[in-house]
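Residue-level listing of the chains:
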Amino acid sequence: MTPNRLVMASVLALLVNITVSMQIPARLSSNGHVKLHNTLDGPSPPNAAELVLYHVNPSNYSGITNMNTGDAAGDTYFDLLAPSQYYLCYLNKTAKPYPGQCGDPEEFGVDLVVTQVKVQVSPHYGQYRPCNICVNGTTAYGGHCTDGDYFCGCSGSMCPPNVGQLPVAQEVAGYARWAKLETAGPSAYWLVNLGDRVGGLWYSTFGSGDCDSSSKTACTWKLTETVKKVQQVCLEAGMRKRVEALLPSCFGKCPGGSADPNTMCYIHCFYSALLGFDAATTRPATGGLTGPKIVELWTTSFDACPAL
């Protein structure tokens with residue numbers, strides 16, 4: 001993980017083994033800036049509902065084809081796992097991370113951005129699939145793919161056209177059973193308690209359902225607008241400032257105070273401020289903020305960042 005990051009990778013949904021060796025360039029305007037997508041031309045999915053979603057990835061990618069996104073609560077959960085991931089990967093010397101857990105380009109990559117989009121979606125949801133950047137011809141979930149492409153374990157017409165949907169509560173419940181919380185460490189408790197508190201939804205949008213794709217097998221989703229794109233480091237800094245203000249007495253006791261967010265003391269204070277002091281050892285955690293208040297901190301931090 002790059003220093004001072006709050007944008008995190010999901011433990012179960014977005015695992016990749018090493019840094020990306022090749023990436024797809026984004027569409028560029030004449031002045032070299034990334035173009036923001038905005039179109040209502042062409043076919044639209046039947047009986048569509050409009051969703052406002054968020055996505056974290058390296059800045060030279062665009063769109064959401066074969067990618068995972070989340071609503072505001074779902075992406076808040078995704079992002080705020082970063083301190084827990086850092087603790088697990090770098091501070092807990094006895095931990096045994098999952099293969100690829102400490103090498104996701106959406107977690108450990110450079111020049112990351114967070115993008116807000118509007119998407120028209122047919123309400124007939126399918127199975128959610130983790131979509132990862134292909135590295136050395138594969139992903140942590142297996143399969144054969146082209147380096148630098150996003151890959152969801154399927155390709156072309158083999159991918160289901162319907163948008164996949166997964167409640168964070170379902171993800172957390174599965175992880176809690178697998179991790180055996182009674183013997184797990186703080187990072188597992190933080191992951192579960194945060195998911196219990198904020199909830200939210202994750203989505204996977206496959207190329208086979210993209211209404212604007214010439215190779216679609218059905219029209220189930222359409223990216224209508226890229227609303228805003230911000231630097232991840234800006235969102236991180238704003239979120240840190242707001243969380244530190246919730247519990248200054250705790251952060252003040254850490255080595256260097258709040259200047260170094262990569263200490264065990266800081267990370268404990270971070271989750272204590274959000275979830276309560278027992279969040280590292282108990283489920284459900286008590287104290288801290290309500291789920292909607294945590295999401296509000298994240299969206300406020302996003303809105304305060306200048307658009308790219």
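Residues numbered from 1 in each chain as written. Predicted model: local features only at pLDDT ≥ 70, side-chain atom pairs only at ≥ 80, totals over all residues. Heavy atoms only, no water.

A.B. asks: I keep staring at the nonpolar core and nothing clicks. Help me out?
C.D. replies: Generally speaking, nonpolar side chains in soluble globular proteins are found buried as a group. Of all hydrophobic cores here, the largest spans 51 residues; its most connected members are Tyr77, Val243, Phe270, Leu274 and Leu275. Within the second largest apolar cluster, ten residues are counted, among which are Leu53, Ile64, Val119 and Trp221. (Core = buried A, V, L, I, M, F, W, Y, C linked by side-chain atoms within 4.5 Å. Buried < 20%, exposed > 50% of the residue type's maximum accessible area, 1.4 Å probe, protein only.)

A.B. asks: Is there a simple way to think about the side chain of Thr220 in this case?
C.D. replies: Within the fold, Thr220 resides in the loop between strand E8 (201–205) and strand E9 (221–231). In this structure, Thr220 is in contact with Pro45, Gln120, Val121, Ser122, Pro161, Asn162, Val163, Gly209 and Cys211, ignoring residues within four places of it in sequence. (Helix = DSSP H or I, 4+ residues; strand = E, 2+ residues; numbered from the N terminus. Contact = heavy atoms within 4.5 Å.)

A.B. asks: Honestly, the pattern of salt bridges in this entry has me stumped. Any pointers?
C.D. replies: For side chains of opposite charge, pairing can occur when their charged atoms come near one another. Here the structure, examined in full by the defined rule, presents five salt bridges. Between Glu244 and Arg240 there is a salt bridge whose closest N-O contact spans 3.5 Å. Remark: Arg240 and Glu244 occur in helix H6 (residues 232–244); sequence separation between them is four residues, near one turn of the helix. Accessibility expressed as a relative area gives 15% for Glu244, which makes it buried. Overall, Arg240 belongs to the buried group, its relative accessible area being 14%. (Salt bridge = Lys/Arg side-chain N within 4 Å of Asp/Glu carboxyl O.)

A.B. asks: I tried to follow the packing of helix H2 (residues 82–91) against helix H8 (residues 264–275) on my own but got confused; where do I start?
C.D. replies: If you want to describe how two helices pack, look at the angle between their axes and the distance between the axes. Running from N to C, H2 and H8 cross one another at 150°; their axes reach a closest spacing of 10 Å. With respect to H8, the element H2 is oriented roughly antiparallel. The interaxial crossing formed by H2 with H8 has left-handed handedness. Contact with H2, carried on its side by Ala82, Pro83, Ser84, Tyr86, Tyr87 and Leu91, involves Met264, Ile267, Phe270 and Tyr271 of H8 and no other residues of that element. Each residue belonging to the contact of H2 with H8 can be placed in one class, and the counts come to nine nonpolar, one polar and no charged. (Axes fitted to C-alpha atoms, helices over the stretch in contact; angles between N-to-C directions. Parallel < 35°, antiparallel > 145°, perpendicular 65-115°, else oblique. Left-handed = near helix turned anticlockwise from the far one by under 90°. Nonpolar A, V, L, I, M, F, W, Y, C, P; charged D, E, K, R; others polar.)

A.B. asks: What is the right way to look at the environment of Ser155 in this model?
C.D. replies: Examined against the element boundaries, Ser155 turns out to sit in the loop between strand E6 (150–151) and strand E7 (164–167). Sequence-wise, Ser155 and Phe206 are 51 residues apart; in three dimensions their C-alpha atoms are separated by 8.8 Å.

A.B. asks: Honestly, the pairing of E8 in this entry has me stumped. Any pointers?
C.D. replies: The side chains of a regular strand alternate, first on one face of the sheet and then on the other. Counting buried positions over the five residues of E8 gives four, a clear majority of the element. With four bridges connecting them, strand E2 (residues 67–70) and E8 associate as antiparallel partners. When the sheet's bridge partners are listed, Thr69 is paired in E8 with Tyr203. Inspection of the sheet shows E7 paired to E8 by four bridges, in the antiparallel sense. If you follow Leu166 over to E8, its bridge partner there is Trp202. (Pairing = 2+ DSSP bridges.)

A.B. asks: What exactly am I supposed to notice about helix H1 (residues 72–79) here?
C.D. replies: For an α-helix, 3.6 residues make a turn, and residues three or four places apart therefore share a direction. Within H1, seven of the eight residues are buried, which leaves it mostly tucked inside the rest of the structure. Buried within H1 we find Ala73, Gly74, Asp75, Thr76, Tyr77, Phe78 and Asp79.

A.B. asks: Help me out: how do you make sense of the environment of Leu91 in this one?
C.D. replies: Note on placement: Leu91 falls in helix H2. Looking at Leu91, the relative accessible area reads 23%, which means it is partly exposed. Residues Leu91 and Thr263 lie 172 residues apart in sequence; the distance between their C-alpha atoms is 7.8 Å. Those residues within four positions of Leu91 in sequence are excluded, and the remaining contacts are Tyr86, Asn262, Thr263, Met264 and Ile267.

A.B. asks: Explain the pairing of strand E3 (residues 112–121) to me, please; I cannot follow it from the model alone.
C.D. replies: For E3, the buried fraction is high: nine of the ten residues fall into the buried class. With ten bridges joining them, strand E1 (residues 49–58) and E3 adopt antiparallel strand pairing. Along E3, the bridge assignment pairs Pro58 with Leu112.

A.B. asks: I'm lost on the packing of helix H4 (residues 168–179) against helix H5 (residues 186–198) in this one. Help?
C.D. replies: For the pair H4 and H5, the least separation of the axes is 9 Å and the interaxial angle reads 155°. As the angle between them shows, H4 and H5 are arranged roughly antiparallel. The element H4 and its partner H5 pack so that their crossing is left-handed. For the pair H4 and H5, contact is made by Val168, Val172, Tyr175 and Ala176 and by Ala188, Leu191, Val192, Gly195 and Asp196, respectively.

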